[in-house]
Amino acid sequence: MRKYLQKKYLKKVLLVGLALTTVNVPANVVQASAGTPEGVSANIKHGSKEKTNFVYIVMDDMGFSDFGAYGSEIKTPNIDKLAAEGLVYNNFNVCPLCSPTRASLLTGRDNNAVGMGHIASVDLGLEHPNFRGRVTEQAATVAEILQSNGYSTMAVGKWHLAPNAEISPAGPMDSWPLGRGFDRFYGFLSGETDEYNPLLVYDNHAITPPKENYYFEADVARMAKEFLTDQVSAYPDKPFFLYTAFRAVHSPLQAPKEYIDMYNGVYDQGYDKIREVRFERQKQLGIMPADAKLTHDPRIQPWDSLSTDEKAVSARYMQIYAGYLTYTDEQIGKIVDHLEALGQYDNTMIVLISDNGATDFAGNEGTDFSLKAYTPIKTPIADVKKHINELGNADYGVAYPRGWANVSGTPFENYKGSLFAGGVRAPLIVHWPNAIAAGKDHVRSQYVHVTDITPTVLDIANLKAPETFKGIPQLPMDGTSIVSTFDRADAPSPDKEKYALHVNQRSMYKDGWKAVSIHKKGTFFEEDQWKLYHVAEDLSESTDVAAQYPEKLKELKDAWKIEADRHGTALTEVSIGLESFGTRKEKVFKYYPGTGTIFHLAGPNTLDKSFTITVPVTRNKKAEEGVLFSTGSYNWGYTLFVKDNKLKFEYNSFGQISRMEAPMPLGKAEVQFKMEKTGPMAGIGHLFINGKQVSETKIPYRFFLNSETYDVGRDRYDAVSKEYKKKGEFPFSGQFDYVMVEIED
C-alpha cells in the first residue's frame, strides 16, 4: 500500500499480526475533541492539503459476469480501466434484492436487523420488525456519520430506501436521502423508473425531466459532475462522499438506438455459447480458478430449440441490455474523468458494485414491456417481431429472457431473489490511486460482504462507528474493514461467517463453507432441504456436498441460529405479494388543483377493488379541455379527461384499450368514473355526468404495479392516452374543485 495509512494504523495492524509493509493514514484524520457530541468528531479543518474522498457506484440487477473485467463481451472500457488500476474481488457477496443491499451498504449492518428484509415497498407491520421497508434510526448511514464529521455528502440516481407510501409531495421525508445524511440529492426514490421519463426528485421536491433528447443515465452523470464542481469550487479542501446509483441495468431495459445497434449480430450465436465463452474468459482473467465448474439451469430452453423468430427477438433483448450497460459505462467514465479534471482522482476511493444478481422474472421468453411480466398477459413472438427495431425505445422498455440472465450470472446458479450465488455474488471493484497500485496481481478472493464497505470507509477516515447518534443508541456494525486486502492478495478473509435470511430462505457462510436452505411454503422449517458448498474449493458453488459432510452442514445450521438470534431475526414463515406492499390505508382521498406528483403506492390503493372518482368541473368554453386525473404510462394505466368537447375515459392494459366517452356540457357539472369489481382483477367501468350514467365498458384486466404517478389536473411523464400524447402534460384548462377517490371495502 502506498502513502496512506498513518503510524497509528500501522501499530494497530501489527498488533493483530498483519504483516503490512508500507501503511500510513490520511493527514486529515479527524479525532473527537472534548466537548464534541458522542460519535461525532471535530470538523475537518479547511486548509488541510490532504484528504480522502469516497465514491460509491452501484449498478442495478447486473450479473457477476457483465463487466469486461469479469469476462464479458460487453464493452465497458471505463469500468475495466478502474479494474485494471485497482482491485477486483471474485467472492464479494450482497443481498438478493436491491433495497436490502443498499441498506447494508450504507449502514454496514445486516439488512434484517435494520428493518429492510425485503424491498422498500414491503411493510409487514409491527409484528415483523425486519420487514418495515425503512432503515431504522438505530442504524446511522455512512452519509450521516461522514456528514457529522465534516464531509460534504451527495447522492445521485436510485434511492429505494424510503417507504413507497411516503413518496408524496408532503412526504414524510425523514427516510428520503436528505433525511438520512445527504446534503444534496438528484434522482428517483422508488424501485424503478423509465429511462426517458423518470420520476425525478431534486433534493426534496419532484421535478419533470425535459421531453426531448433526455436519458436518465446521462442526467445522473451530469448532476454528479455538477455536485462535484460545486463542492470543489466552494470548499476545495473539504472531503466529500458521492453516492452514485444508476438505474442500469434494471428493467425496463432501454438505451439509445446507436448503442443497441452496436451489438448487431453479437448475440445471434445464442446464450448457451456466450455463457461458455464468458466462463473460459473468466478463467483466463483469474476471476475463476482453472478447475471451476459451470452450473446449469434445466429450466432454460436450449438455444438451438428456439424458432427463428424466437432467436431474433431474444438476441435483440440482449442487445438492448448490452447497449444499456455500455451507455452507462460511458457515463461512469465522465464522472471519473471529471474527478481527474478537478484534481480529485488520486485521493478518491471509488467502490463499484452491483446490488444483486441478474433477474429472470420475465421467464424464458422475455417481454416487450417489463411490467407485463408480472401479469398473465403474453404477447406472441410474431407480434413482438413486428416492432423488433423499436424495442428499447421510449415506448418499449423490455425485460430479457432467463437464458440471458443466466449468461449475466456466469458461472453461478440462480438469480435475483435467491441466496444461491447467482442471486448474491456480485462484482466489486475498488480503485484508489493513492493507496492501491495498478498491477497484474489485482484479483482478490477473500470472502467479502456488502456490510464491509462502510466499515472500510470509516477505517480509512479514522472514524469509529458511533455508539449513539443524535441521542439514539446504535446497532453495532456487522461488517469488517477490508483494508488489509488492499496490498495483500493472501490476506485472511475479513469475514469468517455471515448469516442471511431472505423471506423464508436461509444461508450461512462460515470459514469457506456455505449452506443454503430450500423452504416449501406451508411446511415446518425443520423440514427444509439444505445444500452445502465448499466455497474455498468450489468458487462457482457448482457441487452440493451436503450428503458427504452432514456434520459440517449441522455446524452451519447451528451457526445460523446463533447469528439470527444475535441479530434479533425471527424465523417465521411470511408471504410476500401485492398485498404486502406498504400502501396508504385510507378509503377516501381528496386532491385539490395544483397537487404535486404522487407516487403510485402513496395514492389510493385500488388493487382489485371497486372505487369511484368524482370531479366537480366548470367549463365556460368548448375549448376548455385537458386531463382531470390520470395514472400510468404509455402501456398501462387509466385517464379521465375532456377533449373535443367530450368527457372521455381510457383504461390501457398493455395496449388493450377500454374506452368510454360522452358529450360534455358547459357550465358546472359533476363527472364520475365508477369501477365495479366483477371478478379477480376484472370489472366494469361506468361513466357518469351529473349523476346520470352516460357510458360503460368492460375492463378485462386491472393491474396494480406501476412505476408512474397519480396526477391531478394533468398527465405528467408518459401520456396514458395516444389522444393527447403530443399535447405534453395536457393540463385541464377549465376549472375543477377537487378530485375525490373513494374506495369500497
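Fair warning: this is a prediction, and the values are worked out from it, not measured in the lab.

(A) Quick look at the pattern of salt bridges. Counted by the stated rule, this structure contains 45 salt bridges. Here Arg-425 and Glu-541 are joined by a salt bridge, their closest N and O atoms 3.0 Å apart. Taken together, the residues span a long stretch of sequence, with Arg-425 in strand 9 (residues 425-431) and Glu-541 in the loop between strand 17 (529-533) and helix 13 (550-566) at a distance of 116 residues. As a salt-bridge pair, Asp-495 and Lys-498 come within 3.5 Å of each other at their nearest N and O atoms.

(B) Up close: the packing of aromatic side chains. In total, this model carries 40 aromatic pairs according to the counting rule given. Between the aromatic rings of Phe-732 and Phe-736, the centroid separation amounts to 6.3 Å while the plane-to-plane angle is 65 degrees, which identifies the pairing as edge-to-face. Residues Phe-732 and Phe-736 agree in their burial class; the two are buried. An aromatic cluster of at least three residues, connected via ring pairs, comprises Tyr-56, Trp-159, Phe-182, Phe-241 and Tyr-243. Stacked on the ring of Tyr-235, the Lys or Arg Lys-238 has its end atom at 5.4 Å from the ring centre. Sitting over the ring of Trp-560, Arg-506 keeps its end group 5.4 Å from the ring centre.

(C) Structural context of the packing of helix 2 (residues 77-85) against helix 8 (residues 308-341). The contact between helix 2 and helix 8 brings their axes to 7 Å, and the two run at 55 degrees. Taken together, the axis directions place helix 2 and helix 8 in an arrangement best described as oblique. On the side of helix 2, the interface is formed by Pro-77, Asn-78, Ile-79 and Leu-82, while helix 8 contributes Asp-329, Glu-330, Ile-332, Gly-333 and Val-336.

(D) Summary view of the pairing of strand 14 (residues 497-502). In terms of burial, strand 14 is a largely internal element, five of the six residues being buried. In terms of strand pairing, strand 14 meets strand 15 (residues 505-510) through six bridges, oriented antiparallel. Bridging from a neighbouring strand, Lys-498 pairs with Tyr-509 of strand 15. Linking two consecutive strands that pair antiparallel, namely strand 14 and strand 15, is a turn of two residues; a positive phi of about 55 degrees is found at Val-503 within it.

(E) Focus on the nonpolar core. One finds Met-59, Phe-67, Tyr-267, Tyr-400, Trp-404 and Ile-429 to be the most contacted residues of the largest nonpolar core, which totals 87 residues. Considering each element in turn, this core owes the most residues, 13 residues, to helix 8. Both of domain 1 (76-244 + 252-485) and domain 2 (497-567) provide at least three residues apiece to this core. Filtering out sequence-adjacent residues up to four positions away, Tyr-267 remains in contact with Glu-73, Ile-74, Ile-274, Trp-303, Ala-315, Met-318, Gln-319, Ala-322 and Trp-404. Core analysis: the second largest hydrophobic core is formed by 69 residues, Leu-189, Val-450, Val-457 and Ile-482 among them.

(F) Geometry of the sheet that holds strand 24 (residues 656-663). Taken in spatial order, the six strands of this open sheet run 19-28-21-22-23-24, and their pairing is antiparallel. The open sheet terminates on both sides in strands that have one partner only, identified here as strand 19 (598-599) and strand 24. Judged from the six bridges that link them, strand 21 (residues 626-632) and strand 22 (residues 636-643) form a sheet pairing that is antiparallel. Residue pairing in the sheet places Val-627 in a bridge with Phe-641 of strand 22.

(G) Main features of helix 13. Spanning 17 residues, helix 13 covers 24 Å between terminal C-alpha atoms, matching the ideal 24 Å at 1.5 Å per step. Within the sequence span of helix 13, burial applies to Leu-553, Leu-556, Ala-559, Trp-560, Glu-563 and Ala-564. With its buried residues spanning 135 degrees around the axis, helix 13 presents them on a single face. Structural note: helix 13 exposes Glu-551, Ile-562 and Arg-566 on the side pointing more than 90 degrees away from its buried face. Buried positions along helix 13 lie against strand 14, strand 15, strand 16 (513-518) and strand 17. Phi turns positive, to about 70 degrees, at Gly-568, one or two residues after helix 13.

(H) Broad picture of the domain arrangement of the chain. For the chain, the assigned domains are domain 1 (76-244 + 252-485), domain 2 (497-567) and domain 3 (584-743). Each of domain 1 and domain 2 has a C-alpha centre, and these two points are 26 Å apart. With 32 residues of domain 1 at the interface, the matching set in domain 2 holds 23 residues. Across the domain 1 to domain 2 interface the summed buried area is about 2,100 Å²; carbon plus sulfur atoms make up 56%. Considering only the surface of domain 1 that becomes buried against domain 2, Leu-419, Phe-420 and Tyr-447 emerge as the three largest contributors, covering 31% of it.

(I) A look at the packing of helix 5 (residues 216-234) against helix 8. One way to put it is that helix 5 packs onto helix 8 with a least axis distance of 9 Å and a crossing angle of 10 degrees. The angle between helix 5 and helix 8 falls in the class roughly parallel. Here Glu-217, Ala-218, Ala-221, Ala-224, Lys-225, Leu-228 and Thr-229 of helix 5 lie close against helix 8, whose contacting residues are Tyr-324, Tyr-327, Thr-328, Gln-331, Lys-334, Ile-335, His-338 and Leu-339. Residues that form the contact of helix 5 with helix 8 fall into these classes: eight nonpolar, four polar and three charged.

(J) Representation of the side chain of His-387 in the model. Secondary-structure assignment places His-387 in the loop between helix 9 (381-386) and helix 10 (402-408). Overall, His-387 belongs to the buried group, its relative accessible area being 12%. What His-387 contacts, discounting residues up to four positions off in sequence, is Asp-368 and Tyr-396.

(K) Quick look at the side chain of His-338. Assignment of secondary structure puts His-338 in helix 8. The buried category is assigned to His-338, whose relative accessible area is 17%. Of note is the side chain of His-338, whose polar atom sits 3.4 Å from the backbone oxygen of Lys-225. Each residue touching His-338, except ones within four places of it in the same chain, is listed here: Lys-225, Leu-228 and Thr-229.

The rules behind each value
Residues numbered from 1 in each chain as written. Predicted model: local features only at pLDDT ≥ 70, side-chain atom pairs only at ≥ 80, totals over all residues. Heavy atoms only, no water. Salt bridge = Lys/Arg side-chain N within 4 Å of Asp/Glu carboxyl O. Helix = DSSP H or I, 4+ residues; strand = E, 2+ residues; numbered from the N terminus. Phe/Tyr/Trp six-rings, centres within 6.5 Å; stacked < 30°, edge-to-face > 60°. Buried < 20%, exposed > 50% of the residue type's maximum accessible area, 1.4 Å probe, protein only. Lys NZ or Arg CZ within 6 Å of the ring centre and 35° of its normal. Axes fitted to C-alpha atoms, helices over the stretch in contact; angles between N-to-C directions. Parallel < 35°, antiparallel > 145°, perpendicular 65-115°, else oblique. Contact = heavy atoms within 4.5 Å. Pairing = 2+ DSSP bridges. Core = buried A, V, L, I, M, F, W, Y, C linked by side-chain atoms within 4.5 Å. Domains from an automatic or database assignment. Expected span 1.5 Å × (residues − 1). Arc of directions from axis to C-beta. Buried area = accessible area lost by both parts, 1.4 Å probe. Nonpolar A, V, L, I, M, F, W, Y, C, P; charged D, E, K, R; others polar. Polar contact = N/O pair within 3.5 Å; in protein donor to acceptor, adjacent residues only side chain to side chain.

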